[in-house]
Amino acid sequence: SIHHGHFLDGNFAVVALGKLGGREITINSDLDLLFIYQANASHSSGQRSLPKISYFNRLSQRYISALTVSTVEGPLFDLDLRLRPSGEAGPIASSFTSLSKYLHNDAWVWEKMALTRARIVFAEGSFLGDLKNLFSSQLRCPPDKRALLKGAAEMRCKLLQSHPGHQIWNIKHMRGGFVDIEFIAQYLQLLHAYESPAILSTNTAEALKLLSVNGLIENDKAKILIDALILWHKIQGVLRLCSGKQFIEDRSTEGLQNLLTITSGMDSFATLKLAVHETACNSYSIFQDIIEIPAKKL
């Protein structure tokens, strides 16, 4: 910055989380981002010097402005920054030191689960290595198995309160939908990564494959879940493009139903509905076996 200068020892990183971190974004997906900085000096070097927290928050805001710029079709992207340690009320950018302390001492189970999908989009030099080591140390830490299981089950229940997911076309939140399958992959990675770090992947389908290869989930269960993800992505892509984030079957056109049928590789809309129901039931059954039922026995 001409006015505010810079930090000779400063570093800045952008980390993708959620579907962006897993390279799974679909139409209308939010971009989950985390901004992290590191600097020893307290103020920048410019004539209009800024404290480092203000400097890196302004830098983050410029990054956000570029991604959310208005176009004739609306904002370029919608961003979600709620996964930062300080939450919505805190600064946009987190210092590396404060993030490290938070992850080591105060992070909730669901935040550790979210970390399984952390992918560093931008960082340079030794700072890149520091971030990789921080994330790896968290994911490969021997877990408190009881707390991990309890936390995963409780977080899923909380999500159901705000997103009941009774509607079978609510591909994300319905039982056996995206969220249940993502929870399975994230929970199992945190449960086993300290002994089998090769299972770690930010991509849900890839994580399930690695868990299966390493004998940490039955092959038939992994296949059911991966096939479900493939079907859910096909359906969600069409629905997001043609009907936004809510699809009401009774009000849908025959053309949209035909498009869903063709995209999903089915021979009729009725067959597709049956496949959605059976796929969701099978996936939810696996979620129950791995998380829900064991958690109730705690």
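Heads up: these notes are all about the structure in this document.

## Notes on the overall build of the protein chain
Then step 1. The helix and strand inventory of the protein chain stands at 11 helices and seven strands.
Then step 2. The C-alpha atoms of the protein chain give 21 Å as radius of gyration, which agrees with the globular expectation for 298 residues (19 Å, within 12%).
Then step 3. By principal-axis analysis of the C-alpha atoms, the protein chain measures approximately 70 × 50 × 30 Å.
Then step 4. Classification of the 298 residues of the protein chain by burial places 47% in the buried group.
Then step 5. Considering only contacts in the protein chain between residues 6 or more positions apart, those separated by 24 or more positions represent 67%.

## As for the packing of aromatic side chains
Then step 1. A complete count under the given rule lists nine aromatic pairs for this structure.
Then step 2. Ring centres of Tyr284 and Phe287 lie 6.4 Å apart, and the angle between their planes is 25 degrees; on these two criteria the pair is classed as stacked. In this pair, Tyr284 and Phe287 are both assigned in helix H11 (residues 269-296), three residues apart and thus about one turn of the helix distant.
Then step 3. Through pairs of rings, three or more aromatic residues link up here, namely Phe12, Phe35, Tyr37, Tyr55, Phe56 and Tyr63.
Then step 4. Lying across the ring of Phe178, Lys19 places its NZ or CZ 4.0 Å from the centre.

## A word on the side chain of Asp180
Then step 1. With respect to the element layout, Asp180 can be found in helix H7 (residues 178-192).
Then step 2. Judged by relative accessible area, Asp180 falls into the buried class, the value being 0%.
Then step 3. Ignoring any residue separated from it by four or fewer positions in sequence, one finds Asp180 in contact with Arg156, Met174, Arg175, Tyr284 and Phe287.

The rules we used
Residues numbered from 1 in each chain as written. Predicted model: local features only at pLDDT ≥ 70, side-chain atom pairs only at ≥ 80, totals over all residues. Heavy atoms only, no water. Helix = DSSP H or I, 4+ residues; strand = E, 2+ residues; numbered from the N terminus. Rg over C-alpha atoms; globule rule 2.2 N^0.38 Å. Buried < 20%, exposed > 50% of the residue type's maximum accessible area, 1.4 Å probe, protein only. Contact = heavy atoms within 4.5 Å. Phe/Tyr/Trp six-rings, centres within 6.5 Å; stacked < 30°, edge-to-face > 60°. Lys NZ or Arg CZ within 6 Å of the ring centre and 35° of its normal.

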